[in-house]
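Letter by letter, the chains look like this.
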Amino acid sequence: MASEAANGSLANEKAPETVGVGRYVEMEQDGGDSSTGVKSRLSGLLWHGGSAYDAWFSCASNQVAQVLLTLPYSFSQLGMVSGILFQLFYGLMGSWTAYLISVLYVEYRTRKEREKADFRNHVIQWFEVLDGLLGKHWRNVGLAFNCTFLLFGSVIQLIACASNIYYINDKLDKRTWTYIFGACCATTVFIPSFHNYRIWSFLGLVMTTYTAWYLAIASLIHGQVDGVKHSGPTKMVLYFTGATNILYTFGGHAVTVEIMHAMWRPQKFKAIYLLATLYVLTLTLPSAASVYWAFGDELLTHSNALALLPRTAFRDAAVVLMLVHQFITFGFACTPLYFVWEKLVGLHDCRSLCKRAAARLPVVVPIWFLAIIFPFFGPINSAVGSLLVSFTVYIIPALAHMITFRSATARENAVEAPPRLVGRWTGTYMINAFVVAWVLVVGFGFGGWASMTNFVRQIDTFGLFTKCYQCPPPPLPPAAFPGGHSNITMPFAGGHPPAAAPAPAHSLHHHHRHHSHGI
């Protein structure tokens, strides 16, 4: 069993009688200190979090993450009005499907605990909820989409780390930074579960709050660049690519079940994700709108907003804070994958944290490898949003809720009925049907076409395993040009070998503007 110190705070919490949700016991190393001294109190304060506040911090911190830096890029593709409307629309839709996931979790756990199931040493996951409520076929589909989404979500964090640190230290190329941060992020294998992210999720939200307001204030102080243009939307490919990036932004609830399971009273989750989304909107709307107002169409070739702002101590602080936050978000995305792997190899109920950490390491290797192959941060966000997020956290939860409660008996015996505000069961069914239809057509259909078109364009332009994606190239030596001029540079570093004869500067600039989407 876990140490007494680990469970002292949990033992004081009693689940309400209306819902039979048991207490969660985190597995730790044997021989824990059961004293109630300063050490155990400090551990409880920083490490053992299971309150509604902890869940709120986890949801908000995980939701905004690195996409904060790509939302101005999405605004340049969508235009100001569409950018704001899509954020509000997808924020509300994401909150709704997170609510559906929470309802299905409580329904599943209550049914299992009525059958005397014990989850004290087992973390419930989304695919297990689908298995218990709808059968093995739903489990397999949910497992495939969820794991693939979380895998690429972790990949995106590594790419983002390398992209951001390059703005502070460009002595190493981005691929080398990816190697370094891959090793750093591998240390997340030692964090047992979301129950132990209390201090990390709090710090993560503080960091993104600083970065968001830095982007907004710095852009307003900088003012509009000379000849600024706000052309968007101009092309359907760009429009739906931007829309799916926002779909991805508010689709961070693939870890909702794991966050709920780490709570002392999971049934309190209900509106937590909505409240987290409302806070996140106070960060994303001002920052994205301000940066787009200041730089306009320049963002089409700079999907990382930090690339356009002048280097100052404030910008360097934002970069460092986002690096730390991306480490935290890597852990958020990877921890459910660790659980799946532990269950596969039979070590999920192991009492030794060191054995579990060693068993988790093989999960990090493919993530590391994929981040080196596909360093296209901006386009990969949209591709993941359209192909994976659309099903994982929008379509599957809505369909699962509709089918789980399709019979009158299931609705009558439901642990939690839909609120009157949404029209009870009829209104819920209509909302779910709309979510499925909209995301299937707009998110997966048009969004998938646009994002994959853009993604393939990056591969054609830069190639795989590119050494330094969209890095500013060094100037060629003066001797390479008649008259000693060296103002002509190649548009991409680490992409393709230089041509035999340099093209005119204006044509290279044109090529750069049309093909360098992403970080």
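Residues numbered from 1 in each chain as written. Predicted model: local features only at pLDDT ≥ 70, side-chain atom pairs only at ≥ 80, totals over all residues. Heavy atoms only, no water.

An unreviewed UniProt entry annotates the chain as Amino acid transporter transmembrane domain-containing protein originating from Panicum virgatum. Looking at the Subcellular location (unreviewed entry) heading of the UniProt record, one finds this comment for the chain: "Membrane". (UniProt positions renumbered as here; feature names shortened; annotations may be inferred.)

Student: Quick rundown of the overall build of the chain? Include the residues and the values.
Tutor: When helices and strands are counted, the chain shows 18 helices and 0 strands. Relative to its full complement of 519 residues, the chain shows a buried share of 56%. In the chain, the proportion of contacts linking residues at least 24 apart, taken out of those at least 6 apart, comes to 84%. Accessible area for the chain stands at about 21100 Å²; split by element, carbon and sulfur atoms hold 66% of it. (Helix = DSSP H or I, 4+ residues; strand = E, 2+ residues; numbered from the N terminus. Buried < 20%, exposed > 50% of the residue type's maximum accessible area, 1.4 Å probe, protein only. Contact = heavy atoms within 4.5 Å. Areas by Shrake-Rupley, 256 points an atom, 1.4 Å probe, with all protein chains shown as cover.)

Student: Lay out empty space enclosed by the protein in plain terms, naming residues and giving numbers.
Tutor: A full pass over the atoms with the stated rule returns 5 cavities of 30 Å³ or more. Roughly 200 Å³ of volume is contained in the largest cavity. Lining the largest cavity are 18 residues, and of these Asn62, Phe149, Tyr248, Gly252 and Thr329 sit closest to its centre. Put simply, the parts of the chain that give the lining of the largest cavity at least two residues each are α3 (52-64), α7 (136-165), α10 (236-249) and α13 (313-345). Considering each element in turn, the lining of the largest cavity owes the most residues, 4 residues, to α7. Here the lining of the largest cavity is composed, by residue class, of 9 nonpolar, 9 polar and no charged. (1 Å grid on protein atoms, 1.4 Å probe; cavity = no way out; pocket = protein on both sides within 12 Å on 5 of 7 lines; lining within 4 Å. Points joined across faces, edges and corners; volume = space filled by probe spheres on them. Nonpolar A, V, L, I, M, F, W, Y, C, P; charged D, E, K, R; others polar.)

Student: Account for the packing of helix α4 (residues 71-78) against helix α5 (residues 80-114), naming residues and giving values.
Tutor: As a packed pair, α4 and α5 sit with axes 7 Å apart at the nearest point and diverge in direction by 125°. With respect to α5, the axis of α4 lies oblique. Two packed elements cross with a definite hand, and for α4 against α5 that hand is right-handed. Every residue of α5 that contacts α4 at Leu71, Phe75 and Leu78 is listed here: Met80, Ser82, Gly83, Ile84, Phe86 and Gln87. (Axes fitted to C-alpha atoms, helices over the stretch in contact; angles between N-to-C directions. Parallel < 35°, antiparallel > 145°, perpendicular 65-115°, else oblique. Left-handed = near helix turned anticlockwise from the far one by under 90°.)

Student: Break down the state of the cysteines for me, citing the residues and quoting the values.
Tutor: With the rule as written, the count across this model stands at 0 disulfides. Of all cysteine sulfurs in the structure, the one in Cys161 sits closest to Cys185, which takes part in no disulfide; the separation is 4.9 Å. Here Cys185 falls in the buried class, since its relative accessible area comes to 1%. Here Cys350 stays free of any disulfide, with the sulfur of Cys354 as its closest cysteine sulfur at 9.6 Å. Owing to a relative accessible area of 13%, Cys350 belongs among the buried residues under this scheme. (Disulfide = S-S within 2.5 Å.)

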